[in-house]
Amino acid sequence: MKKLTKIMALALLMVMTLSLVACSSYGAIVKNFKDAGYVEIDLEDADDSTAKKLTAEMEKGNLTCSIHLLQLEENDWLSYNAIILEFSSDEELMEALDDNATLKGLVTDAQKTKLVRGNCILIPLSLIKADEMISLFNEGKE
(Lines give C-alpha, C1' and ligand atoms only; values in the text may rest on other atoms or scores of the structure.)
Protein backbone atom coordinates (compact mmCIF):
# COMPACT_ATOMS: atom_id res chain seq x y z
CA MET A 1 0.00 0.00 0.00
CA LYS A 2 2.88 2.38 0.80
CA LYS A 3 4.39 1.70 -2.61
CA LEU A 4 1.11 2.56 -4.36
CA THR A 5 0.85 5.79 -2.35
CA LYS A 6 4.38 6.77 -3.36
CA ILE A 7 3.67 6.04 -7.01
CA MET A 8 0.44 8.07 -6.90
CA ALA A 9 2.21 10.97 -5.17
CA LEU A 10 4.98 10.92 -7.78
CA ALA A 11 2.45 10.82 -10.63
CA LEU A 12 0.52 13.71 -9.12
CA LEU A 13 3.72 15.72 -8.70
CA MET A 14 4.63 15.15 -12.36
CA VAL A 15 1.18 16.25 -13.53
CA MET A 16 1.36 19.40 -11.39
CA THR A 17 4.85 20.19 -12.71
CA LEU A 18 3.70 19.80 -16.32
CA SER A 19 0.67 22.00 -15.73
CA LEU A 20 2.87 24.76 -14.30
CA VAL A 21 5.20 24.59 -17.28
CA ALA A 22 2.30 24.68 -19.73
CA CYS A 23 0.30 27.37 -18.00
CA SER A 24 1.49 30.31 -20.08
CA SER A 25 1.83 30.44 -23.83
CA TYR A 26 3.73 33.72 -23.68
CA GLY A 27 7.24 32.22 -23.61
CA ALA A 28 6.79 30.40 -26.91
CA ILE A 29 5.01 33.37 -28.47
CA VAL A 30 7.67 35.93 -27.57
CA LYS A 31 10.39 33.56 -28.81
CA ASN A 32 8.68 33.41 -32.22
CA PHE A 33 8.51 37.20 -32.39
CA LYS A 34 12.11 37.70 -31.25
CA ASP A 35 13.34 35.14 -33.80
CA ALA A 36 11.60 37.27 -36.46
CA GLY A 37 13.43 40.42 -35.33
CA TYR A 38 10.89 41.95 -32.93
CA VAL A 39 12.05 43.41 -29.63
CA GLU A 40 10.04 43.75 -26.43
CA ILE A 41 9.52 47.39 -25.45
CA ASP A 42 8.87 48.52 -21.89
CA LEU A 43 5.46 50.22 -21.84
CA GLU A 44 6.91 53.11 -19.84
CA ASP A 45 9.26 53.85 -22.75
CA ALA A 46 6.68 53.26 -25.48
CA ASP A 47 5.49 56.00 -27.80
CA ASP A 48 2.48 53.92 -28.79
CA SER A 49 -0.69 55.65 -27.57
CA THR A 50 -2.80 52.53 -28.24
CA ALA A 51 -0.71 50.52 -25.79
CA LYS A 52 -1.09 53.23 -23.15
CA LYS A 53 -4.86 53.50 -23.70
CA LEU A 54 -5.21 49.73 -23.45
CA THR A 55 -3.21 49.67 -20.23
CA ALA A 56 -5.48 52.35 -18.75
CA GLU A 57 -8.59 50.44 -19.89
CA MET A 58 -7.36 47.24 -18.24
CA GLU A 59 -6.58 49.01 -14.98
CA LYS A 60 -9.94 50.78 -15.00
CA GLY A 61 -11.75 47.47 -15.50
CA ASN A 62 -9.74 45.82 -12.71
CA LEU A 63 -8.41 43.21 -15.12
CA THR A 64 -5.17 41.65 -14.06
CA CYS A 65 -3.01 40.86 -17.02
CA SER A 66 0.48 41.62 -18.23
CA ILE A 67 0.62 43.81 -21.31
CA HIS A 68 3.59 43.26 -23.59
CA LEU A 69 4.53 45.52 -26.51
CA LEU A 70 6.61 43.97 -29.29
CA GLN A 71 8.11 46.14 -32.01
CA LEU A 72 9.77 45.54 -35.36
CA GLU A 73 11.73 48.54 -36.59
CA GLU A 74 11.85 48.82 -40.35
CA ASN A 75 14.01 51.96 -40.27
CA ASP A 76 14.43 55.12 -38.15
CA TRP A 77 10.91 56.39 -38.82
CA LEU A 78 8.85 53.23 -39.40
CA SER A 79 8.05 50.49 -36.91
CA TYR A 80 5.37 47.83 -36.55
CA ASN A 81 3.85 47.09 -33.14
CA ALA A 82 1.96 44.20 -31.61
CA ILE A 83 0.43 43.99 -28.15
CA ILE A 84 0.10 40.70 -26.33
CA LEU A 85 -2.17 40.51 -23.29
CA GLU A 86 -1.04 37.72 -20.99
CA PHE A 87 -3.59 36.57 -18.42
CA SER A 88 -2.67 34.35 -15.47
CA SER A 89 -4.84 31.51 -16.79
CA ASP A 90 -7.13 30.51 -19.64
CA GLU A 91 -10.12 30.87 -17.31
CA GLU A 92 -9.17 34.43 -16.38
CA LEU A 93 -8.84 35.26 -20.08
CA MET A 94 -12.34 33.93 -20.76
CA GLU A 95 -13.75 35.93 -17.83
CA ALA A 96 -12.09 39.07 -19.18
CA LEU A 97 -13.61 38.44 -22.61
CA ASP A 98 -17.03 38.08 -21.02
CA ASP A 99 -16.73 41.18 -18.83
CA ASN A 100 -14.85 43.68 -21.00
CA ALA A 101 -16.58 45.32 -23.97
CA THR A 102 -13.27 46.42 -25.51
CA LEU A 103 -11.92 42.88 -25.57
CA LYS A 104 -15.26 41.56 -26.84
CA GLY A 105 -14.98 43.92 -29.77
CA LEU A 106 -11.47 42.65 -30.57
CA VAL A 107 -12.18 38.97 -30.19
CA THR A 108 -15.67 37.85 -31.18
CA ASP A 109 -15.30 34.08 -30.79
CA ALA A 110 -12.34 33.21 -28.60
CA GLN A 111 -12.47 29.51 -29.41
CA LYS A 112 -12.16 30.00 -33.18
CA THR A 113 -10.03 33.09 -33.53
CA LYS A 114 -6.35 33.12 -34.37
CA LEU A 115 -5.90 36.05 -31.96
CA VAL A 116 -6.18 33.85 -28.84
CA ARG A 117 -3.57 31.29 -27.85
CA GLY A 118 -3.73 29.69 -24.43
CA ASN A 119 -3.85 32.53 -21.92
CA CYS A 120 -2.74 35.24 -24.39
CA ILE A 121 -4.48 37.61 -26.80
CA LEU A 122 -2.73 39.21 -29.76
CA ILE A 123 -3.59 42.75 -30.83
CA PRO A 124 -1.74 43.56 -34.07
CA LEU A 125 -1.37 47.32 -34.39
CA SER A 126 -0.30 47.25 -38.03
CA LEU A 127 -2.53 46.29 -40.94
CA ILE A 128 0.50 45.76 -43.15
CA LYS A 129 2.13 43.22 -40.82
CA ALA A 130 -1.04 41.79 -39.21
CA ASP A 131 -0.94 38.50 -41.13
CA GLU A 132 2.73 38.02 -40.25
CA MET A 133 2.05 38.80 -36.59
CA ILE A 134 -0.85 36.33 -36.48
CA SER A 135 1.35 33.69 -38.08
CA LEU A 136 4.14 34.27 -35.54
CA PHE A 137 1.61 34.26 -32.69
CA ASN A 138 0.26 30.85 -33.72
CA GLU A 139 3.55 29.26 -34.80
CA GLY A 140 4.08 26.01 -32.91
CA LYS A 141 0.53 26.07 -31.53
CA GLU A 142 -0.70 22.64 -30.62
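First things first, this report covers the structure right here in the doc. (Residues numbered from 1 in each chain as written. Predicted model: local features only at pLDDT ≥ 70, side-chain atom pairs only at ≥ 80, totals over all residues. Heavy atoms only, no water.)

Let us now look at the packing of aromatic side chains. Two aromatic rings are characterised by how far apart their centres lie and by the angle between their planes. Tallied over the entire structure, the rule returns 1 aromatic pair. With centroids separated by 5.0 Å and ring planes inclined at 80 degrees, the aromatic side chains of F33 and Y38 adopt a geometry described as edge-to-face. The same class applies to F33 and to Y38, which are both buried. (Phe/Tyr/Trp six-rings, centres within 6.5 Å; stacked < 30°, edge-to-face > 60°. Buried < 20%, exposed > 50% of the residue type's maximum accessible area, 1.4 Å probe, protein only.)

Okay, the sheet that holds strand β4 (residues 116-117) next. Reading across the sheet, the 5 strands line up as β1-β2-β3-β5-β4 and stay open at both edges, with antiparallel pairing between neighbours. Each end of this open sheet is capped by a strand with a single partner; those strands are β1 (39-41) and β4. Note that strand β2 (residues 65-73) and strand β3 (residues 79-87) share 9 bridges and pair antiparallel. Residue pairing across strands places L72 opposite Y80, the latter belonging to β3. Sheet contacts for helix α2 (residues 26-35): β1, β2, β3, β4 and β5 (120-124); angle to β3, the most-contacted strand, approximately 170 degrees. The strands that helix α6 (residues 130-138) touches are β2, β3, β4 and β5; relative to β5, the one it contacts most, it runs at about 165 degrees. (Pairing = 2+ DSSP bridges. Helix = DSSP H or I, 4+ residues; strand = E, 2+ residues; numbered from the N terminus. Contact = heavy atoms within 4.5 Å. Axes fitted to C-alpha atoms, helices over the stretch in contact; angles between N-to-C directions.)

Looking now at α6. Turning to α6, its buried residues number three or more, namely A130, M133, I134, L136, F137 and N138. In this structure, the buried residues of α6 make contact with α2, β3, β4 and β5. Once α6 finishes, G140 follows within two positions and takes phi at roughly 80 degrees, a positive value.

Right, let's get into the packing of α2 against α6. For the pair α2 and α6, the least separation of the axes is 8 Å and the interaxial angle reads 135 degrees. Judged by the inter-axis angle, α2 sits oblique to α6. In this structure, α2 meets α6 at a crossing whose hand is right-handed. Residues I29, N32 and F33 of α2 touch α6, and the partners they reach there are M133, L136 and F137. Considering only residue class, the contact of α2 with α6 consists of 5 nonpolar, 1 polar and no charged. (Parallel < 35°, antiparallel > 145°, perpendicular 65-115°, else oblique. Left-handed = near helix turned anticlockwise from the far one by under 90°. Nonpolar A, V, L, I, M, F, W, Y, C, P; charged D, E, K, R; others polar.)

By themselves these figures say nothing about function.
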